[in-house]
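Residue-level listing of the chains:
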Amino acid sequence: MKLAVVGGGSTYTPELIDGFARLRDELPLSEIVLIDPDEHRLGLVAAMAARMLARAGHPARVTASTTVDECVAGAAAVLIQLRVGGQAARDVDETLPLECGCVGQETTGAGGLAKALRTVPVVLGIAERVRAYAPGAWIVDFTNPVGIVTKALLDAGHRAIGLCNVAIGFQRRAAAALGVTPDRISLDHVGLNHLTWVRAIRLDGEDVLPEAMENHAEELAEAAGLPVELIRRLGAVPSYYLRYYYQHDQVVEEQKSGPSRAARVAAIEAELLEMYADPAVDAKPELLEKRGGAFYSEAAVALIASLVGDRGDVQVVNTRNGGTLPFLDDDAVIEVPAVIGVHGAAPAPVDPVEPLYRGLISHVSAYETLALDAARNGGTDRVRAALLAHPLIGQAALADDLADRLIAANRAHLPWTVSR
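Figured I'd write up the structure that's included with this text. (Residues numbered from 1 in each chain as written. Predicted model: local features only at pLDDT ≥ 70, side-chain atom pairs only at ≥ 80, totals over all residues. Heavy atoms only, no water.)

Of all the nine residues making up strand β8 (residues 195-203), eight are buried; the element is thus mostly covered by neighbouring parts of the structure. In terms of strand pairing, strand β7 (residues 185-192) meets β8 through eight bridges, oriented antiparallel. Looking across to β8, one finds that I185 is bridged to L203. Here β7 folds back onto β8 in antiparallel fashion, the turn holding two residues, of which H194 has a positive phi close to 60°. In this sheet, strand β10 (residues 237-238) lies alongside β8 in antiparallel orientation, the contact comprising two bridges. Following the sheet pairing, V198 is matched in β10 by V237. Relative to strand β9 (residues 206-207), β8 runs antiparallel, the two sharing two bridges. (Buried < 20%, exposed > 50% of the residue type's maximum accessible area, 1.4 Å probe, protein only. Helix = DSSP H or I, 4+ residues; strand = E, 2+ residues; numbered from the N terminus. Pairing = 2+ DSSP bridges.)

Here we come to the layout of surface pockets. One way to see where empty space is left: roll a probe the size of a water molecule over the atoms. A volume near 550 Å³ is recorded for the second largest pocket. In terms of lining residues, the second largest pocket is bounded by 23 residues, among which I168, Q171, R172, V314 and Q315 are the most central. Those elements giving two or more residues to the lining of the second largest pocket turn out to be α6 (166-178), β7, α13 (296-309) and β11 (313-320). Counted by class, the lining of the second largest pocket contains 14 nonpolar, three polar and six charged residues. (1 Å grid on protein atoms, 1.4 Å probe; cavity = no way out; pocket = protein on both sides within 12 Å on 5 of 7 lines; lining within 4 Å. Points joined across faces, edges and corners; volume = space filled by probe spheres on them. Nonpolar A, V, L, I, M, F, W, Y, C, P; charged D, E, K, R; others polar.)

Here we come to the pattern of salt bridges. Opposite charge on two side chains permits them to pair, given that their charged atoms come into close proximity. Considering all chains together, one arrives at 33 salt bridges under this definition. The salt bridge involving K284 is made with D18; its shortest N-O contact spans 3.6 Å. Of the two residues, K284 is situated in the loop between α12 (261-276) and α13 and D18 in helix α1 (residues 13-22); the sequence distance between them amounts to 266 residues. Residue K284 is classed as partly exposed on the basis of its relative accessible area, which comes to 29%. Judged by relative accessible area, which is 16%, D18 ranks as buried. Among the ionic pairs, D69 bridges to R129, the shortest N-O distance being 2.7 Å. Here R129 lies in helix α4 (residues 109-133) and D69 lies in the loop between β3 (61-65) and β4 (77-80), a separation of 60 residues in the sequence. Look at R129 and you get partly exposed, because its relative accessible area is 35%. (Salt bridge = Lys/Arg side-chain N within 4 Å of Asp/Glu carboxyl O.)

Counted under the stated rule, the structure contains two cavities of 30 Å³ or more. Lining of the largest cavity is provided by 15 residues; of these, T107, T108, N193, V364 and E368 occupy positions nearest its centre. Secondary structure elements with two or more residues in the lining of the largest cavity: α5 (146-155) and α14 (355-377). Counted by class, the lining of the largest cavity contains seven nonpolar, seven polar and one charged residues. By volume, the second largest cavity amounts to about 30 Å³. Lining the second largest cavity are K151, A332, V333, S365, E368 and T369.

Aromatic ring pairs are reported here in terms of the distance separating the ring centres and the angle at which the planes meet. Considering all chains together, one arrives at six aromatic pairs under this definition. Taking 5.8 Å as the distance between ring centres and 25° as the angle between the ring planes, the aromatic pair formed by Y12 and Y296 counts as stacked. Placement of Y12 in the loop between β1 (2-6) and α1 and of Y296 in helix α13 is noted, with a sequence separation of 284 residues between them. The exposure class of Y296 is buried, given its relative accessible area of 0%. Both rings, one in Y241 and one in Y244, keep their centres 6.1 Å apart while their planes meet at 55°; by these two values the pair is tilted. The buried category is assigned to Y241, whose relative accessible area is 18%. In this structure, R159 is placed above the aromatic ring of W138, and the distance from its NZ or CZ to the ring centre is 4.2 Å. (Phe/Tyr/Trp six-rings, centres within 6.5 Å; stacked < 30°, edge-to-face > 60°. Lys NZ or Arg CZ within 6 Å of the ring centre and 35° of its normal.)

What follows is about unusual backbone geometry. Geometrically, the link from N144 to P145 is a cis peptide bond, its omega value of -5° lying close to zero. Position of P145 among the secondary structure elements: in the loop between β5 (138-141) and α5. The phi torsion at D204 lies on the positive side, around 55°, for a residue other than glycine. When you line up the elements, D204 lands in the loop between β8 and β9. Assessed through its relative accessible area of 52%, D204 is described here as exposed. Its identity is not glycine, yet D310 carries a phi of approximately 55°, on the positive side. You can see D310 is positioned in the loop between α13 and β11. Classification of D310 as partly exposed rests on a relative accessible area of 44%.

Moving on, we come to a negative patch on the surface. Together, E218, E219, E222 and E229 make up a region of like negative charge exposed at the surface. In terms of residue count, helix α8 (residues 217-224) provides more of the negative patch than any other element does, three residues in total. For E222, the position within the fold is in helix α8. (Patch = residues over 30% accessible without salt bridge, like charges linked within 9 Å, V, L, I, M, F, W, Y side chains within 5 Å. Areas by Shrake-Rupley, 256 points an atom, 1.4 Å probe, with all protein chains shown as cover. Lys, Arg positive; Asp, Glu negative; His and termini not counted. Charge placed at Lys NZ, Arg CZ, Asp CG, Glu CD.)

Running from N to C, α14 and helix α15 (residues 380-389) cross one another at 165°; their axes reach a closest spacing of 8 Å. Comparing their axes, α15 and α14 come out roughly antiparallel. α15 is crossed by α14, and the crossing has left-handed handedness. Residue-level inspection shows H363, Y367, L370, A371, D373, A374 and N377 of α14 in contact with α15, the latter providing R382, V383, A385, A386 and A389. Class assignment for the residues of the contact of α14 with α15 results in eight nonpolar, two polar and two charged. (Axes fitted to C-alpha atoms, helices over the stretch in contact; angles between N-to-C directions. Parallel < 35°, antiparallel > 145°, perpendicular 65-115°, else oblique. Left-handed = near helix turned anticlockwise from the far one by under 90°. Contact = heavy atoms within 4.5 Å.)

Honestly, it's all geometry; don't read function into it.
As structure tokens, then:
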């Protein structure tokens, strides 16, 4: 089986390769194509990937390319994990909103919109190349903001599914806390990408979340970055990204007092690239754990194996709503457990969503519709509308100010600004 990774020059790619090597029986790969426009990084990462596979005795060959086109021909799946503008653009996403008193985050709020504006056109262009050269391939998107990018791909008619590591990370931690294997744990995980709540932790089908709340409340609160009292009051475990909503002002003050996450990751990446350049290094460095994206490789392997092998198992993915959450449009993209097979993802039934969560989900989903319109079609008015609709912004003067600042800061990545 042939697999292509767009953004293969990422310092995170060795984590993927490690997963492919460990789970070789689940996903028997014969070729892994790494694609990235940065030749230097691509060369270092591709060589590192080849050494890792050789050390593991994995038969797959690694090839590298700076263009999509012919190199994806014959691929069963194409993973997209790119970052338009690199860590420098991310740093702007995380710091510029702070100047206006808004949370600075690369997938949430104003920073998330800026990233969508840069990213959606690029991903859609790549997807068209995949459709031309590998029309049967599945596109698995790990590029943030995953929900918006996945909707863009689906709206354009691509065979696409969005993937995030939040759910699998929580499942793995829950299994470890309970002392059981992960396959015995399933989650009632509902919402949008980076806007989800775990309402049940099922061990062999029985909900043990109440017991976990009683015995492991501190650990659950730490995972969510929220106070124990709030977790208990909710009776559910929010994803870490809900902290940007539930404690917005506190987070803003914290962010103002320290370096951005982008700055820290850039330093980690520089160190990792030095390690990858060493021909003696043939295993993923421990430092990679600080890069983020834990368990992504396992989630990717499971998803691709089910798409190709029609396994019909249940995995948490980003896919069309299709009536699953009746308060959202059918074409909205949601993040829920779904049955995965050769025809894609079919969301599993979801218990009615409580008003406390339903309201915020509806609000952010509406914002995502406007954000995608701005990303596809450009225009200052569309950017302003998306910001005005976002629950973390929602004031006309603030939305207008942020729109002007975001557009000016990202002009190099927004072709529609050239004539303005």
